[in-house]
Amino acid sequence: MKWIDQFSLEKQVAIVTGAAGGLGSELVKILMEAGADVVLADSDEIRLNGLAQELDPSGQRLLAQKCDVTKERDILSLIDRAHQKFGKIDILVNSAGVLGPDAAWSNVLESDWDGVLDVNVKASWMAATHVSKYMITNHLAGRIINISSSLGLRSQLKRIPYATSKAAVEHLTRNLAMELIQHNIRVNCLAPGWINTNMVKSVLQGEEGEKWRASIPMRRAAEPSELAGPLLLLASHASSYMTGTILRVDGGYAYCGIELPE
Ligand SMILES: NC(=O)c1ccc[n+]([C@@H]2O[C@H](COP(=O)([O-])OP(=O)(O)OC[C@H]3O[C@@H](n4cnc5c(N)ncnc54)[C@H](O)[C@@H]3O)[C@@H](O)[C@H]2O)c1
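Residues numbered from 1 in each chain as written. Predicted model: local features only at pLDDT ≥ 70, side-chain atom pairs only at ≥ 80, totals over all residues. Heavy atoms only, no water.

S.K.: How should I be thinking about the overall build of the chain in this particular structure?
M.R.: Helix and strand counts for the chain stand at eight helices and seven strands. A globule of 262 residues ought to have a C-alpha radius of gyration of about 18 Å, and the chain, at 18 Å, matches this closely. Here the C-alpha coordinates of the chain stretch approximately 55 × 40 × 40 Å along the principal axes. Across the 262 residues that make up the chain, the buried fraction comes to 50%. (Helix = DSSP H or I, 4+ residues; strand = E, 2+ residues; numbered from the N terminus. Rg over C-alpha atoms; globule rule 2.2 N^0.38 Å. Buried < 20%, exposed > 50% of the residue type's maximum accessible area, 1.4 Å probe, protein only.)

What follows is the structure, given as structure tokens:
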């Protein structure tokens, strides 16, 4: 095998949660282009079906499944449907996420914590756990990719539950990696910074756009295609000696300091 072929995902099956999201949908496209069949999971059925129709109207290489990742029964039925359609699951990408409130410390509510930690942390653990059990039973050399953020490392004003949840996702990655490697399952984490999805574009084109751009060492957001290399590295056998890694794709944003209150 040529070394470049290690990046191929031909004959591989991936589940992507949060598949209908701005970033999630880009991750789906990258995995498909690399050859994988993909199971799209999201709670937003309308956007999910729209995306599946756009990417693969024949439905041969995609399966769209409505799924609330915080519900165990939804995760179990997602795994079941994926198995029925494609016969195996090699890759799980935990991309479902919520941002939570844009609120200073004193305005954060208990319900904000519950909402953010349930989706970003607990659901990532739950999907990873059930998919791993499936992979072990079926003797698959699986790969799990959690999605963190620069805020998993860097502090930012008014984002306490979100940033805390992403730090937890990074440590969840390391702990799962340690326990699962004996079963030949590798767990890594992609930590994007500013990626040019619609939401990020609107912030960078808004009133405070220049301030945000100036805080990124590369002085720009990434195009979604710039995630392709890092994602394929973690999703493929090209990363066969990597587990527990946090791969930052953020133009240096996570390392370049903090924003202080005025
Ligand atoms: N977009 C960025 O620039 C950026 C940067 C850093 C990290 N991230 C992270 O990447 C991941 C994806 O981001 P995105 O841009 O696609 O966000 P997004 O808000 O566009 O999409 C999130 C998706 O998750 C789905 N979702 C939310 N709760 C769910 C639940 N309980 N069950 C199933 N699906 C649920 C939503 O329906 C939505 O489609 C998130 O974890 C986010 O924190 C994004």
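More follows now that the structure is in view.
S.K.: Help me understand the environment of Asp-42, please; the structure alone is not making it clear to me.
M.R.: As for its position among the elements, Asp-42 is in strand β2 (residues 37-42). Along the backbone, Asp-42 and Ile-91 are 49 residues apart, and their C-alpha atoms lie at a distance of 16 Å. Setting aside its immediate chain neighbours within four residues, Asp-42 contacts Gly-18, Ala-19, Ala-20, Gly-21, Leu-48, Gln-65, Lys-66 and Cys-67. Looking at Asp-42, its side chain comes within polar contact range of the main-chain nitrogen of Ala-19, at 3.3 Å. A polar atom in the side chain of Asp-42 sits 2.9 Å from the backbone nitrogen of Asp-44. (Contact = heavy atoms within 4.5 Å. Polar contact = N/O pair within 3.5 Å; in protein donor to acceptor, adjacent residues only side chain to side chain.)

S.K.: Honestly, the side chain of Arg-159 in this entry has me stumped. Any pointers?
M.R.: Its place among the elements puts Arg-159 in the loop between β5 (143-147) and α5 (160-180). For the buried Arg-159, which has no salt bridge, the nearest side chain bearing the opposite charge is Asp-102, at an N-O separation of 4.3 Å. In terms of polar contacts, Arg-159 uses its side chain to reach the backbone carbonyl oxygen of Pro-101, at 3.0 Å. Setting aside residues up to four positions removed in sequence, Arg-159 forms contacts with Leu-99, Gly-100, Pro-101, Asp-102, Ala-103 and Leu-151. (Lys, Arg positive; Asp, Glu negative; His and termini not counted. Salt bridge = Lys/Arg side-chain N within 4 Å of Asp/Glu carboxyl O.)

S.K.: Quick question: what am I supposed to make of empty space enclosed by the protein here?
M.R.: Over the atoms rolls a probe the size of a water molecule, and its path tells where empty space is left. Tallied over the entire structure, the rule returns two cavities of 30 Å³ or more. Put simply, the largest cavity is a space of about 40 Å³. What lines the largest cavity is simply Thr-17, Val-69, Asn-94, Ser-95, Ala-96, Val-119, Ala-123 and Ser-124. Broken down by element, the lining of the largest cavity gets its largest block of residues, three residues, from helix α4 (residues 110-137). Taken together, the residues of the lining of the largest cavity sort by class into four nonpolar, four polar and no charged. Volume-wise, the second largest cavity comes out at about 30 Å³. In terms of lining residues, the second largest cavity is bounded by Asn-94, Ser-95, Ala-96, Asn-120, Ser-124, Ile-147, Lys-166 and Val-169. Those elements giving two or more residues to the lining of the second largest cavity turn out to be α4 and α5. (1 Å grid on protein atoms, 1.4 Å probe; cavity = no way out; pocket = protein on both sides within 12 Å on 5 of 7 lines; lining within 4 Å. Points joined across faces, edges and corners; volume = space filled by probe spheres on them. Nonpolar A, V, L, I, M, F, W, Y, C, P; charged D, E, K, R; others polar.)

Function cannot be read off these values alone, since they describe shape.
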